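These are the residues of each chain, in order.
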Amino acid sequence: MEEYKQWRSDVFVRDNWTCQTCNIRGGYIMPHHIKGFSRIIKENNISDTDTARSCEELWDINNGRTLCVDCHKETENYARRKINGD
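Residues numbered from 1 in each chain as written. Predicted model: local features only at pLDDT ≥ 70, side-chain atom pairs only at ≥ 80, totals over all residues. Heavy atoms only, no water.

Thoughts on the pattern of salt bridges
Short version of the rule: We define a salt bridge as a contact between a side-chain nitrogen of Lys or Arg and a carboxyl oxygen of Asp or Glu at a distance within 4 Å. Only runs of H or I of at least four residues qualify as helices and only runs of E of at least two qualify as strands under DSSP, and these elements are numbered from the N terminus. Think of it in three bands: with a 1.4 Å probe and only protein chains considered, a residue is buried below 20% of the maximum accessible area for its type, exposed above 50%, and partly exposed in between.
Per the counting criterion, the structure on display carries 6 salt bridges. As a salt-bridge pair, glutamate 3 and arginine 53 come within 3.3 Å of each other at their nearest N and O atoms. Residue glutamate 3 is located in helix 1 (residues 2–14), and its partner arginine 53 is located in helix 3 (residues 49–53); the two are separated by 50 residues in the primary sequence. What makes glutamate 3 partly exposed here is its relative accessible area of 24%. Notably, a salt bridge pairs glutamate 57 with lysine 35, separated by 2.9 Å at the nearest N-O pair. Taken together, the residues glutamate 57 in the loop between helix 3 and strand 2 (64–68) and lysine 35 in the loop between strand 1 (29–33) and helix 2 (37–43) connect sequence positions 22 residues apart. Given a relative accessible area of 26%, lysine 35 falls into the partly exposed group.

This is the structure:
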């Protein structure tokens, strides 16, 4: 989805391709939704790609940060971990 690619790119550029937890620059980095992607989908009743495309919250770069793989694995919602009963 083009919106995700743009969001990812915008987060990386803003963060200068640097992990926002350990400050390692470059390498294998990942964009991380601070408020989980699946939680946003659930809260906004998104059931199709057209609705997802129009949901501003999904693509808000202020809800994203760049993390290296190791730091990303330490996040509360990595790999769809359950948060607050979601």
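Picking up where we left off.
Remarks on the pairing of strand 2
Selection criterion: Here a strand pair is declared whenever DSSP counts at least two bridges between the two strands.
For strand 2, the tally of buried residues reaches 4 of 5 residues, placing the bulk of the element in the interior. Across 5 bridges, strand 1 lies against strand 2 in antiparallel orientation. By the bridge assignment, histidine 32 is partnered in strand 2 with arginine 65.

So, helix 1
Keep this limit in mind: A helix is expected to span 1.5 Å for every residue after the first. Think of it as the arc spanned by the lines of direction from the helix axis to the C-beta atoms. Should any heavy atoms of two residues lie within 4.5 Å, those residues are considered in contact.
Here helix 1 spans 18 Å end to end across 13 residues, near enough to the 18 Å set by a 1.5 Å rise per residue. The set of residues buried in helix 1 consists of Trp7, Val11 and Phe12. Looking straight down helix 1, one finds that the buried residues subtend no more than 130° of arc, so they occupy a single side. Along helix 1, exposed side chains directed more than 90 degrees from the buried face belong to Glu2 and Lys5. Packed against the buried residues of helix 1 are strand 1 and strand 2.

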